[in-house]
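Secondary and tertiary structure notes
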Amino acid sequence: MSTTTDTDRIEQVVFESLETFGAEKADITRDATFETLDVDSLDLAELAQIAEDEFGVKIKSSDVEQLKTVGDVCDLIAARA
Amino acid sequence: MREVAVTGIGAVTPLGVGARTLHARWAAGEVAIAGGEAPCTAFDPLEFFSRKEARRADRFTQLALASAREALDEAGWADGAPYEADRVGCILGTGIGGIGTLEDNFGVLRDQGPERVAPLAVPLMMSNAGSAAIAMRHDLRGPVFGVVSACAAGANAIAAATRAIQCGDADAIVTGGSEAALTPLARAAFAALDAVSTAGVSRPFDARRDGFIMGEGAGVLVLEDAAQARARGATILALVRGIGATCDAHHLTAPRPDGAGAAAAMTAALRDAGLEAADVDYVNAHGTSTPLNDRAETMAIKTALGDRAAGVPISSTKSAIGHLLGAAGAVEAIATILTLRERVIAPTLGLEEPDEGLDLDYVPGSSRALDISAGRSAVGISNSLGFGGHNAVLVLEAA
């Protein structure tokens with residue numbers, strides 16, 4: 001598991017994941033909310049797996065309830081990486 | 001009981017996208033089998049779905065959703081169902097459900113461990129995913145569930161939908177069947193059963209037949225309470241006149257050799273329709289091209305139709321598109337409706353050397369006109385017989 005996790009790398013992985021889930025690339029910004037991106041709990045569960053794979057960070061379902069924006073999840077990963 | 005009308009049909013089959021495409025190409029003698037299989041090569045999910053929708057639906061659900069859209073458009077439901085949402089349901093059959101999703105995720109489990117199995121695995125592979133997806137897409141809030149009876153599932157689903165409307169549990173039901181099992185495990189498993197043609201040819205009722213050809217696809221029908229459909233000015237394509245369902249209770253895979261179970265289902269469906277054998281103008285056979293099915297089904301037709309058996313034209317859609325498993329009953333019900341409406345009987349393709357004792361009129365070679373006396377609408381039977389001994393029979397009448 002990587003521990004060299006600069007913010008750019010985290011954003012890149014998160015942004016690419018959200019695009020894979022079906023969000024429009026142009027709409028994906030740090031300020032975008034998951035609601036506007038049509039990203040739901042199933043997508044966030046998948047994102048949690050990716051975060052663990054890429055950064056060794058565990059995101060629990062209790063965390064997910066607090067995550068409203070793309071920036072929120074990037075910051076959470078950065079704080080725990 | 002209330003009368004049940006078919007007001008829309010839709011299909012994605014190995015012969016292409018569209019219900020009419022299926023019947024027109026089959027009637028023209030086209031065979032969609034290549035390399036021993038019949039995939040839906042013309043179906044591009046991204047013509048129907050966003051990337052998000054596509055990755056949230058197993059292929060069997062995608063085929064169902066695309067077929068449903070065609071059927072709902074024809075029924076005039078493009079802007080929503082003309083009923084209260086909780087009076088409209090969706091009942092969809094499948095043989096296996098999302099086996100592609102299951103296989104992919106088993107690979108992940110084996111290679112990467114349990115923590116990497118996708119959160120989407122369960123909602124994609126569950127056998128009710130197709131009905132749930134159609135309900136969510138079109139806001140259908142009445143009875144919604146899947147029907148599972150192997151290769152009879154599509155017909156059992158239509159039968160369940162018909163009863164739900166007849167009894168007043170719903171005013172309309174979107175129904176049919178879907179299957180997408182051209183996957184490594186399903187291929188190997190059917191081959192291990194010795195059920196699949198090693199010659200790679202579907203030739204129902206032919207002496208050389210050696211098994212079925214695996215296909216994929218979906219068929220969806222919009223069924224409505226006929227009185228309400230007429231009142232709203234809908235075009236009625238056909239009536240579901242009768243249904244019959246039985247089980248052989250005999251063997252895991254083999255039918256009763258005398259076809260008694262299938263015959264009982266045919267007899268029950270005719271009784272349910274209030275019709276006699278003499279009223280039947282066409283039989284769309286299950287006709288899988290397996291040695292056992294085609295012989296037992298011939299016996300069943302003789303038992304159920306008596307003197308009429310020798311005279312009624314019979315053909316097998318599987319001669320053109322292979323066996324769509326849980327979708328077969330629905331796709332073949334649609335083929336039957338179009339046969340009755342257009343009065344063109346598509347042939348049993350590949351049938352050149354009749355087998356001993358298989359001596360009915362299987363319409364070999366090329367299409368034939370369906371002759372119906374003036375002032376009468378055509379009546380047909382669609383047979384669906386599944387592993388597990390499931391027999392489901394529909395009696396349909398052109399409107």
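Residues numbered from 1 in each chain as written. Chains lettered and ligands numbered in written order. Predicted model: local features only at pLDDT ≥ 70, side-chain atom pairs only at ≥ 80, totals over all residues.

**Examining the overall build of chain A**
The cut-off we apply is this: Think of it this way: any DSSP run of H or I at least four residues long counts as a helix, any run of E at least two long counts as a strand, and we number them from the N terminus. Atoms considered for the radius of gyration are the C-alpha atoms alone. The globule rule reads 2.2 Å times the number of residues to the power 0.38. To assign burial, the other C-beta atoms lying within 10 Å of each residue's own C-beta are counted, with C-beta atoms placed from the backbone; 20 or more indicates buried, 12 or fewer indicates exposed, and intermediate counts indicate partly exposed. Remark: residues whose backbone-derived C-beta atoms lie within 7 Å of one another are considered to be in contact.
Looking only at helices and strands, chain A features five helices and zero strands. Beginning at the N terminus, the succession of helices and strands in chain A can be written as α-α-α-α-α. Taken against the 2.2 N^0.38 rule, which gives 12 Å for 81 residues, the C-alpha radius of gyration of chain A at 11 Å falls within 12% of a compact globule. Expressed along its principal axes, the backbone C-alpha trace of chain A runs to roughly 30 × 25 × 20 Å. Across the 81 residues in chain A, those meeting the buried criterion constitute 26%. Looking at chain A alone, contacts between residues at least 24 apart form 60% of all its contacts between residues at least 6 apart.

**Some details on the environment of Leu360(B)**
Residue and element names in this part refer to chain B. Counting through the fold element by element, Leu360 comes out in the loop between strand E12 (344-345) and strand E13 (368-369). Along the sequence, Leu360 and Ser316 sit 44 residues apart, while their C-alpha atoms lie 13 Å from each other. When near neighbours in sequence (up to four residues on either side) are disregarded, Leu360 contacts Thr298, Ile301, Ala309, Ala310 and Ile314.

**Observations concerning the packing of helix H7 (residues 153-166) of chain B against helix H13 (residues 328-342) of chain B**
Working note: a packed helix pair is described by the angle between its axes plus the distance between those axes. All names here are of chain B. For the record, the criterion: The axes are straight lines fitted to the C-alpha atoms, using for helices just the contacting stretch, and the angles between their N-to-C directions are given from 0 to 180°. Roughly parallel means an angle under 35 degrees; roughly antiparallel, over 145; roughly perpendicular, 65 to 115; everything else is oblique. Just so you know the grouping, Ala, Val, Leu, Ile, Met, Phe, Trp, Tyr, Cys and Pro go in nonpolar, Asp, Glu, Lys and Arg go in charged, and all remaining residues, Gly too, go in polar.
As a packed pair, H7 and H13 sit with axes 5 Å apart at the nearest point and diverge in direction by 70°. The angle between the axes of H7 and H13 places the two elements in the roughly perpendicular class. Of H13, the residues touching H7 (which contributes Ala153, Gly154, Ala155, Ala157 and Ile158) are Ala328, Gly329, Ala330, Val331 and Ala333. Its residues assigned to classes, the contact of H7 with H13 shows eight nonpolar, two polar and no charged.

**As for the packing of helix H1 (residues 7-21) of chain A against helix H3 (residues 41-55) of chain A**
Residue and element names in this part refer to chain A. This is how it is decided: Here a crossing is called left-handed whenever its near helix is offset anticlockwise from the far helix by less than a right angle, and right-handed whenever the offset is clockwise.
Direction vectors running N to C along H1 and H3 enclose 145°, while the axes themselves pass 10 Å from each other. The hand of the H1/H3 crossing is right-handed. The residues of H3 that touch H1, namely those facing Ile10, Val13, Ser17 and Phe21, are Asp43, Glu46, Leu47, Ile50, Glu54 and Phe55.

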